[in-house]
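Spelled out, the chains give:
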Amino acid sequence: MYCTKTAAQRRYRARTLFATTAYLLAIWGVTWMFRHRHPQGAAVYLLALAPELPIFAILAIFGIYLAEETDEFIRAVLVQSSLWATGVVLAFTTFWSLLQSYAPAIDLVVKVPMYWVFVLWCVSFGLAQPLVQRRYK
Amino acid sequence: MKNRLRVLRAEKNWSQADLAQRLEVSRQSVNAIETGKFDPSLPLAFRLARLFDMTIEQIFIDDGSG
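Residues numbered from 1 in each chain as written. Chains lettered and ligands numbered in written order. Predicted model: local features only at pLDDT ≥ 70, side-chain atom pairs only at ≥ 80, totals over all residues. Heavy atoms only, no water.

Attention shifts here to the interface of chain A and chain B. At the junction of the two partners, chain A supplies 10 residues and chain B supplies 13 residues. Of the roughly 960 Å² buried between chain A and chain B on both sides combined, carbon and sulfur atoms contribute 54%. If you look at where chain A meets chain B, you find 4 residue pairs in polar contact (both at pLDDT 80 or more). When residues in the side of chain A that touches chain B are grouped by element, the largest group, 4 residues, is from helix α4 (residues 72–102) of chain A. (Contact = heavy atoms within 4.5 Å. Buried area = accessible area lost by both parts, 1.4 Å probe. Polar contact = N/O pair within 3.5 Å; in protein donor to acceptor, adjacent residues only side chain to side chain. Helix = DSSP H or I, 4+ residues; strand = E, 2+ residues; numbered from the N terminus.)

Right under this line is the structure:
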């Protein structure tokens, strides 16, 4: 984010690292279960929910960080960046969905799993930060 | 909002990092405020005013665009 880390940023990094590790472990565990144990019924829903919990945690951690960050300029940059990321995700997923609706006959569109939406948001959020910050230089 | 922060800082012989440390904000914040591209909140404006022993109006110039 920035070269000089505020105390809130350090806590945010540590918490996000913990939640991301939990997410990777959950993805690994759930994939293993589906490949080797072939769960049925309600277990399928519960297992699919398991990697989702760290995702909720990552979003909550971001919210907590925004509340804890005392540097209002950094906070403004991050809020604007998250709005840009949300805009990119909404625009792109709508466009892709329309393509899938209208262009399947000509086989133009690759079906993208929905879990990439969160990844797209994270990447857009990361790319938006230096661009937003440039406006203030 | 235009302001006299750069001049006031120079008079004290402070770098942006020095001022940022005194205000407990990032250097980027100081730069953004100095260039007039980011308006500080009222509490931060008061902190600036106290630091330079001035009023907010003596630091920030209300050009009526806000």
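What follows continues from the structure just given.
All right, on to the packing of helix α2 (residues 16–23) of chain B against helix α3 (residues 27–34) of chain B then. Residue and element names in this part refer to chain B. Where α2 contacts α3, the axes come no closer than 8 Å and their chain directions differ by 110°. Here α2 is positioned roughly perpendicular relative to α3, judged by the angle of their axes. Of the residues in α3, those in contact with Q16, A17, L19, A20 and L23 of α2 are R27, V30, N31 and E34. For the contact of α2 with α3, the per-class residue count stands at 5 nonpolar, 2 polar and 2 charged. (Axes fitted to C-alpha atoms, helices over the stretch in contact; angles between N-to-C directions. Parallel < 35°, antiparallel > 145°, perpendicular 65-115°, else oblique. Nonpolar A, V, L, I, M, F, W, Y, C, P; charged D, E, K, R; others polar.)

Within the fold, V117(A) resides in helix α5 (residues 116–134). With 24 residues separating them along the chain, V117(A) and T93(A) place their C-alpha atoms 7.7 Å apart.

Attention now goes to the pattern of salt bridges. Residues and elements named next belong to chain A. Considering all chains together, one arrives at 4 salt bridges over all chains under this definition. Of the charged contacts in the structure, one is a salt bridge between E68 and R11, with a shortest N-O distance of 3.1 Å. On the criterion of sequence distance, the pair formed by E68 in helix α3 (residues 52–68) and R11 in helix α1 (residues 7–36) is long-range, its members being 57 residues apart. On the basis of relative accessibility, which here comes to 27%, the residue E68 falls in the partly exposed class. Among the residues examined, R11 registers a relative accessible area of 35% and is labelled partly exposed. (Salt bridge = Lys/Arg side-chain N within 4 Å of Asp/Glu carboxyl O. Buried < 20%, exposed > 50% of the residue type's maximum accessible area, 1.4 Å probe, protein only.)

With that settled, consider α5(A). Residue and element names in this part refer to chain A. Between its first and last C-alpha, α5 extends 28 Å over 19 residues, near the 27 Å set by a 1.5 Å rise per residue. Roughly 30° is the biggest bend found in α5, and it falls at A128, with proline P130 one to four residues downstream. The set of residues buried in α5 consists of F118, W121, S124, F125, A128, Q129, V132 and Q133. (Expected span 1.5 Å × (residues − 1). Bend = angle between axes of the 7 residues up to and from the residue.)

Next up on the list: the packing of α1(A) against α3(A). All names here are of chain A. The geometry of α1 relative to α3 is characterised by a closest axis approach of 9 Å and an angle of 175° between their N-to-C directions. As summarised for this structure, α1 and α3 are arranged roughly antiparallel, according to the angle between their axes. Between α1, through A8, Q9, R11, Y12, R15, T16, A19, T20, A22 and Y23, and α3, the contact on the second element is made entirely by P54, I55, A57, I58, I61, F62, I64, Y65 and E68. A breakdown of the residues in the contact of α1 with α3 according to their chemical character gives 13 nonpolar, 3 polar and 3 charged.

Here we take up unusual backbone geometry. Of note in this structure, H38(A) is not a glycine but carries a positive phi near 45°. Relative to the assigned elements, H38(A) resides in the loop between α1 and α2 (42–49). For H38(A), a relative accessible area of 51% translates into the label exposed. The backbone phi angle of E24(B) is positive, close to 60°, even though this residue is not glycine. Locating E24(B) in the fold gives a position in the loop between α2 and α3.

This part is about α2(B). Residues and elements named next belong to chain B. Taken together, the buried positions of α2 are Q16, L19, A20 and L23. Each buried residue of α2 sits inside an arc of 100° when the element is viewed along its axis, so together they form one side. Buried-residue contacts for α2 involve α1 (5–12), α3 and α4 (42–52). Just downstream of α2 lies E24, where phi reads positive at about 60°. (Arc of directions from axis to C-beta.)

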